[in-house]
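The chain contents come next:
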Amino acid sequence: MSSPQEQGFRLLTEYTNGFMLSQVLFAACELGVFDLLSEALEPLGSAAVAVRLGTSSHGTQLLLDTCVSLKLLQVETSRGKALYQNTELSSTYLVRASPKYQGNMLLYLARTTYLCWGHLAQAVRDGKNRYQEAFGVPSDELFTAIYCSGALAKEYTALYPGCRVTVFDTPDVVRAAKEHFPFLEDDRIRFWEGDFFEDPLPEAELYILARVLHDWSDGRCARLLARIRRACKPGGAVLVIESLLDADGRGPLTTQLYSLNMLVQTEGRERTPAQYLALLGPAGFRDVQYRRTGGLYDAILGRT
Ligand SMILES: C[S@@+](CC[C@H](N)C(=O)[O-])C[C@H]1O[C@@H](n2cnc3c(N)ncnc32)[C@H](O)[C@@H]1O
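Values in this document were obtained by computation on a predicted structure and should not be read as measured data.

Moving on: the overall build of the protein chain. Tallying secondary structure elements over the protein chain gives 13 helices and eight strands in all. Principal-axis analysis of the C-alpha atoms places the extent of the protein chain at approximately 70 × 55 × 40 Å. A total of 304 residues make up the protein chain; the buried ones form 37% of that total. Taking as baseline every contact in the protein chain between residues at least 6 positions apart, the subset at least 24 positions apart corresponds to 62%. In the form shown here, the protein chain has an accessible surface area of approximately 17,700 Å², with 56% of it arising from carbon and sulfur atoms. Here the protein chain holds 31 positive side-chain charges and 35 negative ones, and the gap between their average locations is 3 Å.

Attention now goes to the UniProt feature "domain: O-methyltransferase dimerisation" (unreviewed entry) in the protein chain. UniProt's entry tags residues 14–95 with the feature "domain: O-methyltransferase dimerisation" (unreviewed entry), counted in the numbering of this structure. End-to-end, the C-alpha atoms of residues 14–95 are 28 Å apart, and along that stretch the chain is 63% helix and 15% strand.

Relative to the elements of secondary structure, Thr60 occurs in helix H4 (residues 57–69). Here Thr60 falls in the buried class, since its relative accessible area comes to 6%. A distance of 2.7 Å separates the side chain of Thr60 from the side chain of Thr55, its partner in a polar contact.

The next thing to look at is the nonpolar core. Membership of the largest hydrophobic core comes to 24 residues, with the highest contact counts inside it found for Phe196, Leu209, Leu213, Leu224, Leu225, Ile228 and Val238. Setting aside residues up to four positions removed in sequence, Ile228 forms contacts with Leu201, Tyr207, Leu209, Val238 and Phe285. Ranked by size, the runner-up nonpolar core spans 21 residues in total, among them Val49, Leu94, Val95 and Leu106.

This part takes up the pairing of strand E4 (residues 189–193). Examined bridge by bridge, strand E3 (residues 165–169) and E4 share five bridges and lie parallel to one another. Bridged to Phe168 within E4 is Trp192. As a crossover connection, the stretch from E3 through helix H10 (residues 171–180) into E4 is right-handed.

Turning our attention to the state of the cysteines. For the structure on display, the rule yields zero disulfides. In this structure Cys163 is a free cysteine whose sulfur lies 15 Å from that of Cys232, the closest cysteine sulfur available. Note on Cys163: relative accessible area 17%, which makes it buried.

Counted according to the given criterion, the structure contains 11 salt bridges. For Arg175, the salt bridge is made with Asp172, and the minimal N-O distance between the two is 2.8 Å. In this pair, Arg175 and Asp172 both sit in helix H10, three residues apart, roughly one turn of the helix. You can call Arg175 exposed: its relative accessible area is 51%.

About the criteria used
- Residues numbered from 1 in each chain as written.
- Predicted model: local features only at pLDDT ≥ 70, side-chain atom pairs only at ≥ 80, totals over all residues.
- Heavy atoms only, no water.
- Helix = DSSP H or I, 4+ residues; strand = E, 2+ residues; numbered from the N terminus.
- Buried < 20%, exposed > 50% of the residue type's maximum accessible area, 1.4 Å probe, protein only.
- Contact = heavy atoms within 4.5 Å.
- Areas by Shrake-Rupley, 256 points an atom, 1.4 Å probe, with all protein chains shown as cover.
- Lys, Arg positive; Asp, Glu negative; His and termini not counted.
- Charge placed at Lys NZ, Arg CZ, Asp CG, Glu CD.
- UniProt positions renumbered as here; feature names shortened; annotations may be inferred.
- Polar contact = N/O pair within 3.5 Å; in protein donor to acceptor, adjacent residues only side chain to side chain.
- Core = buried A, V, L, I, M, F, W, Y, C linked by side-chain atoms within 4.5 Å.
- Pairing = 2+ DSSP bridges.
- Right-handed = clockwise from strand over helix to strand, strands pointing away.
- Disulfide = S-S within 2.5 Å.
- Salt bridge = Lys/Arg side-chain N within 4 Å of Asp/Glu carboxyl O.

Structure follows, in structure tokens:
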């Protein structure tokens, strides 16, 4: 039985080492460990993995065994030799051929978000994001954002066969979407390019703002929502998909981390239900309701 002080120190060590866990996951994805093991006809030893990936034998061995401890790989021993294969977790989310593949998002986090987090203390000091400092260029959410919006549109049209969806995004994003994900557009899903703060918005019955408002200050959210309210057909609504903070802002932890993520990367924040109500009400939406889903993202609906 450990003392409270020892337990406290163990917790501190867990927090201290947290970034190492992410890096193991990011590195294994970037190197193609999970794809290789998925394509192999049988479980592979670490020497074979190292040869096929062109990596060092020592580093590969360490990475594979750490992935086993993280339940990203499983190992079996045959004639004294350790053989590795994917777990269900990695097969589902970390293999490129899987429909639930998350690797692009992980690489985005590794190459973009992680660098901004290295400047968290400075962001807390002055309340400004670190995008420019980390990259010398303005924010770029390109590929994951396109893919997520397109995937949402696909699911929506599958659920509601009669409906048509317009995916509205900036010209750069729409161009890239058409080039890299042409299969997202079909006879019921179209892309529309523009600046949602300035350009005319397509008329619609339902506007879905998924992970959009959290990028922006209250002032910009108010402007966007007022524009949407004006464009919305009578009887229409706005559906906001965001991760909701608890009423006192002190949880859930994941949403608090997302809010710090907004601090280091954008001008926005995650918000409480009351804060969304304070944005939607003055923009002209009434009967505002919210639903916590128990998942990462929640729903807020405002009607015209
Ligand atoms: C955090 S992403 C969310 C994308 C997607 N809805 C999702 O849930 O993954 C924010 C999106 O807003 C787009 N965006 C940012 N500023 C914009 C503007 N002024 N006009 C139109 N779209 C904009 C970005 O290009 C990006 O695709």
